[in-house]
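# A closer look at the structure
As a plain string of letters, each chain reads:
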Amino acid sequence: MSDSAGLQFVSPYAFEAMQKVDVVRLAALSDPELRLLLPCLVRMALCAPADQSQAWAQDKKLILRLLSGVEAVNSIVALLSVDFHALEQDARKEQQLRHKAGGSNAESILVSQLQHGLTLEFEHSDPLRRLRLALSELLAIMNKVVDSNGEFFLKSSELFESPVYLEEVSDVLCILQAELPSLLPIVDVAEALLHVRNGDWFLCLLVANVPDSFNEVCRGLIKNGELQDEESQGGRRRTEALRQLCQMNPSEALNIRAMVVEECHLPGLGVALTLDYKPETADEAVSPLVAYISGLLLGTNSKVRTWFSMFIRNGQQRKRESSSVLWQMRRQLLLELVAILPRSRSARDPDEGGSVDEEPGPGYSGLREEHVVKASALLRLYCALMGIAGLRPTDEEAEQLLQLMTSRPPATPAGVRFVSLSFCKLLAFPTLVSTPEQEQLMVMWLSWMIKEEEYFESAAGVSASFGEMLLLVAMYFHSNQLSCIIELVCSTLGMKIAIKPSSLSKMKTIFTQEIFTEQLLRSRAFTKHKVSIKLCETTTPLHTQLLPLIDAYVNSILTPASKTNPEATNQPITEQEILCVFQSAAGHGDGGRGQRQRHSITPQLLILYYILSYEESLLASTKQLALMQKKPKSYSAALMDHIPIKYLVTQAQKLQQELGGLHSALLRLLATNYPHLCLVEDWVCEEEVTGTLPLLRRMMLTSNTCRYTHSQLHHAFQKLPSSSPRLMRILEQLTLLSPADLIPYAEALTSSMCLLLEPSVPRRVLQTVNKLWPPAKLLRRQTYTQNDLMVDPLVVLRCDHRVYRCPPLIDIILHMLNGYLLASKAFLHCHLKETADSERQSQTVSSLGLAGQPDTPEVTREELKNALLAAQDSAAVQILLEVCMPTSEEQQLEAPGESQLRGLGSLGGLGVLRSPEEAEVEPERGLLSDLREVQCLICCLLHQMFIADPNIAKLVHFQPGCSTHPLSSPKEPLLPLTVAGIPSIHICLDFIPELLAQPQLEKQIFAIQLLSYLCTQYALPKSLSVARLAIGVMGTLLTVLTRTKRFSFFMPTLPCLVAFCKAFPPLYDDVAGLLVQVGQVCASDVATKARDIDPLIARLQYLKEKPQDVSLPGGGSSKLNLPQRTAEDLGRADPDVQLCYRVESTFMDVISSSLKGL
């Protein structure tokens, strides 16, 4: 607001005197300063005070004495003598008239027709008319502000622009606002004053005469302010007005700046207040401007960051103006940067203790120690401005920045930090180096970093991180891992910057061709060193780049250093060397075992990572190796059997903070190659041993943790069952040991597990063994390797038949089966990939010159692999279902008519559904038996398998035609058990229509039987639609089947209709119609043989039309008496006659279930 530049504003001294009502300070003011505060002082002298103290009485006398000599006081007293109540009423009437007139210049109640201009009228008017003139003008401006909808306008007003009457107008304005606060809220008045010339001057006088309103006025102006203040004239005027207010009250400037950030309005005002701020005690480390802008761009509030970044971007689009706050900010930052730039001097003073043989060169300058922290803050700020806010530096800024970045700080921790920041800024913004001279300066500085790393590390007392960073960046450049460089730069700078990989091309050339010409990875120096020796000497904490180094070593084994010398590769670590690493750490219960294990766990983990990485790289490089006619050997399965992989991964999980990402890398490799070691159940079980109760149990251990030896454990097993108490004590003691301490007992435990199958072994012993079981052996005399189990997972099920009725041990078997089925998939996938590329290469070499041959071996091999895996899963499911079937002895123990394969009840999901009368007859026999518990465990596993791969369920249920299929066994059907015990079996509803469409009659029968149980268990809309389809299929088959097939189909399927009606009563009409049709067909066949049977058709029609006349089984009369037939009579009857009787009995069952439902 240049129009008020020549006016006198209220000084901070005068404003503070008004705030504190310091009469002594007010008396010291000059006449011009005192003139600005007269409205408030006169009101204080004339109005009745609330403070009746003697001190205020004295102060009031001083104020009266102060005002006695001022001529302008009389005019203000005259203004205060007006009837403000009447004036307010007229003003409100005028507002109503303007509102009715739609804001147009209607007739004014406050001011009659003006004869002259507003200024002359004001000059010749009495105090009341002056008040009316100013009030009318002010209300007009306020109304126009309301109607403008945020669009800025500048109102031309004689009253507020005439320099002769500015003081009188300000007196009137202050008196009006003080006497009519409800009509003229000070925030609204302040907003209106922004739209007139000299508005900031009037605003400051208004607030100075009401000093308590300072914060209220400032907050209101900020809330109504623009998001970007320098984009519009209104924003700039608002910023200037607030800036003048803060200059009048500098103690509140930082609070006003905080309001700006809180509201995310007027960013230029925040910068301007920071530029104006002069702290009492200057901070030599970081200036207020650097601290403020860094907080905005590097803070956690993304809204504030975006808001200020937009201010920077928009400000650059305008022409460079000296009045722009953005350019004032940039100029101040540049001045601060130049102020700390070092002077050119020699390398290092001799008294600093370093080498002095370096020759000074251009730009070789030292940064003063007291400027290092400030220089680091400035570098981070410029990184944020350029990387986050999009600041484009001028040539002058770029030149001075490069001079600062290439300066050489003292050897202190802060100096090390400064060098790291400078290096990362060079990588983030390589455009700062634009000329050959600047590029030469940068190369000299990088060379200095390499030479001075050791001195900085010794002198500063810290690890010289910039030396490691240089080497790391060089490695990334040589391996073209530009994304890793970007991540490293962002991590060091502490901010996320968008860096294009293409912008690093110049830096890559400098690093690879000028700085690190003999770099480790580029020169393939791995061929000269033994990495295995280095791995054996590693200790925690691990450097994050050790894993990439191992990967590079693995790559040097498989890929030659150059195409001209394909034999220039490393040799892999031998199996003997690997075994030595693991055998040296295997203790056997002695006191020094724990200490050796602690020192050897790190090399073991790294060797494990090397093996897994080598195998994965070997698998991924089979095609390239086949082209080079090379086939490096993979590590044998016998070697992997000697490595406790699961134990090592568990230890890596405990040491994640010290292993630098090794744990996650191992998990990634294991999930691909050893999925059976990454089962979710295992991780959940491992979580259980980290709670409070296990911790308290371990606290009970004495210092002698190996109280029992493995020979004592073996002896206790051999003496079973008499040694059960002693064996229990040993096993309980073992449960308190860590996995590492359990290793010596593994052989004794697994070799003796067959003795647990004796009938008199206590259940508690079995359950404790289940907790301790290591997944390494099977319950047979012979043992198998991991490779055997992955080739044929069904070997797991080749165990003593007594295991299948021992729930704690069958749980172990099922866990192993699940794991090795997954392992077999991974094994076959790897085997297929290993051999496919080599065989394809051999075929390509052998068939050179032959065209037109189809490339089908891979497809065929993939299909064979999938078929083998499907057969394995299907066979496993069928074997487990056969295990669920009771033996002849178990059937004899059951009561007549009962079966262990009944539907599952409420007891853990596996209870038998019995009536209350049955429960009273046999109170002694429980619902849970070994068979029932085994069925529960098997159903849980099948549920997991079906969820993981629904195709397994489809494959199993599409094979019921096989005579050995357990689900189609005529003696004990397993459908009630599987439907009730496997929650995921509802997925069978998806393929039952496909099963019904099969040509085999057995599959159609099985589909309907399965559907009947599914409808009872899952009465869903989808089940209803499939049931309707099944009834329709049965009606269709009735018309096409021969007499023999009709009997074979409908005898087992008609009872399923009862379940359909019980689950879905709306199906009653369809079922009744189908039964009548079947009865008619069968009765007609019987009639053709001239045999007389009961009037079946008539009875069926009667049952269909009047089902309510049928008596329930519980008693009652019936209009329809059905003849009673014995099983012997039915057996001698003709098949059609038997089918007729089956139809009739089914009809009765349907009606009975329907009436019971009612």
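First, a word on what this report is: a plain description of the structure on this page. Source: prediction; values computed, not measured. (Residues numbered from 1 in each chain as written. Predicted model: local features only at pLDDT ≥ 70, side-chain atom pairs only at ≥ 80, totals over all residues. Heavy atoms only, no water.)

### So, the overall build of the protein chain
Helices and strands together make up the secondary structure of the protein chain, namely 60 helices and zero strands. Counting only residues that meet the buried cut, the protein chain has 48% of its 1158 residues in that class. Restricting to contacts in the protein chain with at least 6 residues of sequence separation, those with at least 24 account for 73%. Put simply, the protein chain shows about 56200 Å² of open surface, and 54% of that area lies on carbon and sulfur atoms. (Helix = DSSP H or I, 4+ residues; strand = E, 2+ residues; numbered from the N terminus. Buried < 20%, exposed > 50% of the residue type's maximum accessible area, 1.4 Å probe, protein only. Contact = heavy atoms within 4.5 Å. Areas by Shrake-Rupley, 256 points an atom, 1.4 Å probe, with all protein chains shown as cover.)

### A closer look at the pattern of salt bridges
When their charged atoms lie close together, side chains carrying opposite charge are able to pair. Within the structure shown, the criterion is met by 23 salt bridges. The partner of Lys155 in a salt bridge is Glu137, with the nearest N and O atoms 3.4 Å apart. Of this pair, Lys155 sits in the loop between helix H9 (127–147) and helix H10 (158–161) while Glu137 sits in helix H9; the two residues are 18 residues apart in sequence, bridging distant segments of the chain. The partly exposed category is assigned to Lys155, whose relative accessible area is 22%. Exposure remark for Glu137: the relative accessible area of 14% places this residue in the buried category. One salt bridge in this structure joins Arg219 and Glu263, with 3.9 Å as the shortest N-O distance. Of the two residues, Arg219 sits in helix H14 (residues 214–223) while Glu263 sits in helix H16 (residues 253–263), which places them 44 residues apart along the sequence. We classify Arg219 as partly exposed; its relative accessible area is 30%. Residue classification places Glu263 among the partly exposed residues on the basis of a relative accessible area of 21%. Where salt bridges share partners, they join Glu16, Lys20, Asp22 and Arg25 into one cluster. (Salt bridge = Lys/Arg side-chain N within 4 Å of Asp/Glu carboxyl O.)

### Here we look at the nonpolar core
One finds Leu135, Leu245, Ile293, Phe308, Leu333 and Phe423 to be the most contacted residues of the largest nonpolar core, which totals 175 residues. Looking at this core element by element, the count peaks at 11 residues for helix H21 (residues 372–387). Those residues in contact with Leu135 that lie beyond four places of it in its chain are Leu87, Ala91, Leu110, Leu176, Leu180, Leu183 and Leu184. Core analysis: the second largest hydrophobic core is formed by 117 residues, Leu996, Phe1006, Cys1015 and Ala1030 among them. (Core = buried A, V, L, I, M, F, W, Y, C linked by side-chain atoms within 4.5 Å.)

### With respect to the packing of H14 against helix H15 (residues 233–248)
The geometry of H14 relative to H15 is characterised by a closest axis approach of 11 Å and an angle of 160° between their N-to-C directions. One way to sum up the angle between H14 and H15 is to call them roughly antiparallel. As for the relative orientation of H14 and H15, their crossing is left-handed in sense. For the pair H14 and H15, the contacting residues are Phe214, Val217, Cys218, Leu221 and Ile222 in the first and Arg238, Leu242, Leu245 and Cys246 in the second. A per-class count over the contact of H14 with H15 returns eight nonpolar, no polar and one charged. (Axes fitted to C-alpha atoms, helices over the stretch in contact; angles between N-to-C directions. Parallel < 35°, antiparallel > 145°, perpendicular 65-115°, else oblique. Left-handed = near helix turned anticlockwise from the far one by under 90°. Nonpolar A, V, L, I, M, F, W, Y, C, P; charged D, E, K, R; others polar.)

### Some points on unusual backbone geometry
Unusually for a residue other than glycine, Val21 sits at a positive phi of about 50°. Within the secondary structure, Val21 sits in the loop between helix H1 (12–20) and helix H2 (23–27). Taking the relative accessible area as the measure of exposure, Val21 reaches 32% and is therefore partly exposed. A positive phi angle, near 55°, is found at Cys264, a position not held by glycine. Relative to the helices and strands, Cys264 is located in the loop between H16 and helix H17 (267–276). Taking relative accessible area as the criterion, Cys264 reaches 4% and is therefore assigned buried.

### Remarks on the packing of aromatic side chains
Taken as a whole, this structure holds 11 aromatic pairs when the rule is applied. On the numbers, 5.4 Å between centres and 40° between planes, the contact of Phe308 with Phe311 is tilted. On the criterion of helical spacing, the pair formed by Phe308 and Phe311 is a turn pair, its members being three residues apart in helix H19 (residues 302–317). Note on Phe308: relative accessible area 0%, which makes it buried. Given the relative accessible area of 3%, Phe311 is considered buried. (Phe/Tyr/Trp six-rings, centres within 6.5 Å; stacked < 30°, edge-to-face > 60°.)

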